[in-house]
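# What the coordinates show
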Protein chains: 2
Amino acid sequence: MNLRFDENGLIPVVLQHAKTKEVLTLAYMNEESYNKTLETKETWLYSRSRQELWHKGATSGNTQRVVSISADCDQDALVVAVLPNGPACHTGADSCFFEPILEGDGGPSVQAIAALEEVIKDRYAS
Amino acid sequence: MNLRFDENGLIPVVLQHAKTKEVLTLAYMNEESYNKTLETKETWLYSRSRQELWHKGATSGNTQRVVSISADCDQDALVVAVLPNGPACHTGADSCFFEPILEGDGGPSVQAIAALEEVIKDRYAS
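So, a few notes on the structure that sits alongside this text. Source: prediction; values computed, not measured.

Quick look at the sheet that holds strand β2 (residues 23-29) of chain A now. Within the open sheet, the 5 strands sit side by side as β2(A)-β1(A)-β6(A)-β5(A)-β7(B). Their pairing is mixed. Looking at the sheet topology across the chains shown, the edges are occupied by β2 of chain A together with β7 (99-102) of chain B. When the angles between neighbouring strand axes are averaged without regard to direction, this sheet yields 30°. Pairing of strand β5 (residues 64-71) of chain A with β7 of chain B, which is carried by 3 bridges, proceeds in the antiparallel orientation. Bridge pairing in β7 of chain B places Ala71 of chain A opposite Glu99 of chain B. Of the strands in this sheet, β2, β5 and β6 (78-84) of chain A together with β7 of chain B touch helix α1 (residues 31-40) of chain A, which is tilted by about 125° from β2 of chain A.

On to the sheet that holds strand β6 (residues 78-84) of chain B. Spatially, β7(A)-β5(B)-β6(B)-β1(B)-β2(B) is the arrangement adopted by the 5 strands of the open sheet, whose pairing is mixed. Whereas interior strands pair on both sides, the edge strands pair on one side only; in this sheet they are β7 (99-102) of chain A together with β2 (23-29) of chain B. Averaged over neighbouring strand pairs, the angle between their axes works out to 30° when direction is ignored. Against the sheet, helix α1 (residues 31-40) of chain B contacts β7 of chain A together with β2, β5 (64-71) and β6 of chain B, and its axis sits at roughly 125° relative to β2 of chain B.

Definitions and cut-offs
- Residues numbered from 1 in each chain as written.
- Chains lettered and ligands numbered in written order.
- Predicted model: local features only at pLDDT ≥ 70, side-chain atom pairs only at ≥ 80, totals over all residues.
- Heavy atoms only, no water.
- Pairing = 2+ DSSP bridges.
- Helix = DSSP H or I, 4+ residues; strand = E, 2+ residues; numbered from the N terminus.
- Axes fitted to C-alpha atoms, helices over the stretch in contact; angles between N-to-C directions.
- Contact = heavy atoms within 4.5 Å.

Don't take any of this as a statement about function, it's just geometry.
This is the structure in structure tokens:
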């Protein structure tokens, strides 16, 4: 596997809760943080603002145990499934993605249509 | 909500299956594709390799219906929950993240430990 780090030596990383599947954070790794993550099975990142290696949770105690890592078809992005020891976000939220822009697209109706589609497919197949 | 597009006018977008919660693709939007996504409730992206607006699935038919959009605490990344009309990946895979780097960290044992932790917490609380 030859990961493709970008022109700044970074690769974007989707941190996902291994059990709930919630997307927790989008962050970046450089090669050093990637290797440290593999070695320690805890999340190590690269902070673009502080320009330094960042052991997630080293200060807060909210480290993350790494369960699996997958690369995408272009080998230029990673999904890291983790079991977090606390909130992923510095605000104290479980996930960094708590700012709603668009919600539900009609909410229950979408789910109802999706459920109906499945019923129709099932009946069609049987 | 003031989204922060980067120095290339892009924002990274995690495309996630609205039902299975699987992470499908990490891609990018510019302001135009973001606005088109909001307007059409289908996924529009910006292709960095082709340097053009990209209506996801326009050629393949594998469009994606947008169910919700959330920004992160820094407003510089998005999670877009979608109901896909077919595989998200150009390879035909449901998700682009099909290249395993690290799997299971002991597999079932991790899940067993997590389950055990919950039993202990429950008993401690009762």
